[in-house]
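Descriptive analysis of the structure
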Amino acid sequence: MSSRLEAEHLFKVFGRRPDQAVERLRTNTADREELRSDGVTAAVIDASFSVEPGEIFVVMGLSGSGKSTLLRMLNGLLEPTAGHVRFDGQDLTGLSGRELRDVRSRKISMVFQHFALFPHRSVRDNAAYGLEVQGVPRAERERRADEALALCGLAGWEDSWPDELSGGMQQRVGLARALATDADLLLMDESFSALDPLIRRDMQDQLIELQKKLKKTIVFITHDLNEAMRLGDRIAVMRDGRIVQIGTAQDILIRPANDYVASFTQDVDRSRVLTAQAVMDSEVRGDEADCACETATPGTSFTDLCAISARVPHPVAVVDDGDVVGVVPRQRLVGFLGDEEAAPGVCDSPRDKGGKVMARA
Ligand SMILES: Nc1ncnc2c1ncn2[C@@H]1O[C@H](COP(=O)(O)OP(=O)(O)OP(=O)(O)O)[C@@H](O)[C@H]1O
Ligand SMILES: [Mg+2]
């Protein structure tokens, strides 16, 4: 059984008098820039979220936005200046060094960008490393390492040396090492960023597949929005130490919290992210389902929706559990693909006062 991870008002300040800096940030008597001119870095400011078992929670942000600092507080490598981290009902912030090391070795695994494999150990012994640290007997750790390697698509490579493997395969050994320990919490910091695009895509797919089986609690850090949207059940967008939005890929695409988030999403291929649920007009619950035409479900991908729309002579009905929950007129599809202000055909879609197309979840 995996466990829930909770971050509660986390702050990390580097420099002089960190507690005082937190107080000034809390009371709005100083901002990050003012602190910086005093030589103080507020790396993480008031971060709160919870991650459910089985979820991939992605933290996305530019270089220096505080992602790694946040992650290091989650596994106790860095002590928060203020706030709490709870995992499996336990407050990690209150633990002694020794208790923390114990929790880290049993419950939490990290996968880094440049995963350091031991060159003079076999692939199996590399994958078994975390178990060795835990003192698991050899036969058992080899069995579990082999299982984890198989999960990561490396069956047959157990007795090879790291330098016989490609970069992508080496990264998978890193992932296998993390999985072999049975840790519930998997923390991944830019784990796929050093890989070639195709291999990277492959690893993303593999992680999604693995997660369906393993249902770990995963926090994945990336500065790549496309990766965030592919992997994340939810995404936290960080800017200058603060989380500025938490939401699904669709939320972030359709309802960016501010111009900063919106500017990030400009280059995203919307057709890959959006589903019928996000683009449908749920005000209209027409009787199109009465005809024998093809319908969509809320989860139908945008691309499939376009194909259905091309075959159906009227708006596509979105059907959930036998009920029509919305419709998608063809011009609405066009509107969602481009810049919504400029796109023709979305004039008939409901808009909020800010002029954004409203999509109801
Ligand atoms: N040990 C430290 N001492 C002082 N400042 C630090 C320390 N660690 C991080 N910082 C600062 O905190 C801020 C956030 O850094 P962090 O490494 O968390 O960012 P990041 O989002 O992971 O960036 P990247 O994408 O480049 O990895 C940066 O301004 C960084 O310089
Ligand atoms: Mg980092």
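Residues numbered from 1 in each chain as written. Chains lettered and ligands numbered in written order. Predicted model: local features only at pLDDT ≥ 70, side-chain atom pairs only at ≥ 80, totals over all residues. Heavy atoms only, no water.

**Some points on the pattern of salt bridges**
What counts, and what does not: Every case where a carboxyl oxygen of Asp or Glu lies within 4 Å of a side-chain nitrogen of Lys or Arg is listed as a salt bridge. Only runs of H or I of at least four residues qualify as helices and only runs of E of at least two qualify as strands under DSSP, and these elements are numbered from the N terminus. The rule is simple: take the accessible area with a 1.4 Å probe, protein chains only, and divide by the maximum for that residue type; under 20% is buried, over 50% is exposed, in between is partly exposed.
In total, this model carries 23 salt bridges according to the counting rule given. Measuring nitrogen to oxygen at the nearest pair gives 3.5 Å for the salt bridge that ties Glu-23 to Arg-26. In this pair, Glu-23 and Arg-26 are both assigned in helix 1 (residues 18-26), three residues apart and thus about one turn of the helix distant. Judged by relative accessible area, which is 40%, Glu-23 ranks as partly exposed. Ionic pairing is found between Arg-24 and Asp-38, a salt bridge with its closest N-O pair at 3.9 Å. Here Arg-24, found in helix 1, pairs with Asp-38, found in the loop between helix 2 (32-37) and strand 2 (41-51); they are 14 residues apart in sequence, far enough to count as distant. With a relative accessible area of 41%, Asp-38 lands in the partly exposed category. Within the structure, one salt-bridge network assembled from shared partners comprises Arg-4, Glu-6 and Glu-52.

**Some words on the domain arrangement of the protein chain**
As a reminder, the rule being used: For each domain, the first and last residues come from an automatic or database assignment. Contact between two residues is taken to exist if any of their heavy atoms lie within 4.5 Å; hydrogens are not considered. Note on terms: buried area is the combined drop in 1.4 Å-probe accessible area of two parts once they are placed together, counting the loss on both. Think of a polar contact as two N or O atoms within 3.5 Å of one another; within protein, one of them needs to be a possible hydrogen donor and the other a possible acceptor, and neighboring residues in sequence only count if both atoms come from side chains.
Along its sequence, the protein chain is organised into domain 1 (5-107 + 183-265) and domain 2 (270-360). Taken residue by residue, the interface counts nine residues in domain 1 and eleven residues in domain 2. Looking only at domain 1, the three residues that lose the most surface to domain 2 are Gln-250, Leu-253 and Ile-254, adding up to 65% of its buried area. Joining domain 1 to domain 2, the criterion identifies one residue pair in polar contact (both at pLDDT 80 or more). The element that contributes the greatest number of residues to the side of domain 1 that touches domain 2 is helix 11 (residues 249-254), accounting for four residues.

**Topic: the site of ligand 1**
To keep things clear, this is the line we draw: In these notes, residues near a molecule or strand are those with any non-hydrogen atom within 4 Å of it. With residues, only the protein chains shown are counted as cover, and all accessible areas are computed by Shrake-Rupley using a 1.4 Å probe.
Around ligand 1, a shell composed of Phe-14, Arg-36, Thr-41, Ala-43, Leu-62, Ser-63, Gly-64, Ser-65, Gly-66, Lys-67, Ser-68 and Thr-69 is seen. In this structure, an oxygen atom belonging to ligand 1 sits 2.5 Å away from a side-chain N or O atom of Ser-63. In isolation ligand 1 has 630 Å² of accessible area, and contact with the protein removes 61% of it. Among the elements that line the shell around ligand 1, the one with the most residues is helix 3 (residues 67-74), at three residues.

**Observations regarding the pairing of strand 9 (residues 234-239)**
Here is the key point about a regular strand: its side chains alternate between the two faces of the sheet. Condition: Following DSSP output, two strands are said to pair if at least two bridges run between them.
For strand 3 (residues 56-61) and strand 9, the ladder comprises five bridges, and the chain directions are parallel. By the bridge assignment, Val-59 is partnered in strand 9 with Ala-236. Pairing of strand 9 with strand 10 (residues 242-247), which is carried by five bridges, proceeds in the antiparallel orientation. By the bridge assignment, Ile-235 is partnered in strand 10 with Gly-247. Between the antiparallel neighbours strand 9 and strand 10 lie two residues, among them Asp-240 with a positive phi of about 50°.

**Re the sheet that holds strand 3**
What counts, and what does not: Lines are fitted to the C-alpha atoms to define the axes, a helix being fitted only along its stretch in contact, and any angle between axes, read from their N-to-C directions, falls within 0 to 180 degrees.
Across the sheet, which stays open at both edges, the six strands sit in the order 6-7-8-3-9-10 with mixed pairing between neighbours. If you trace the sheet from one side to the other, it starts and ends with strand 6 (108-111) and strand 10, each paired once. Along the sheet, successive strands turn relative to each other by an average axial angle of 20°, direction set aside. Bridge count for strand 6 against strand 7 (residues 185-189) is four bridges, and the pairing is parallel. Counted as the bridge partner of Met-110 is Leu-187 from strand 7. Contacting strand 3, strand 6, strand 7, strand 8 (217-222) and strand 9, helix 3 crosses the sheet at an angle of about 160° to strand 8.

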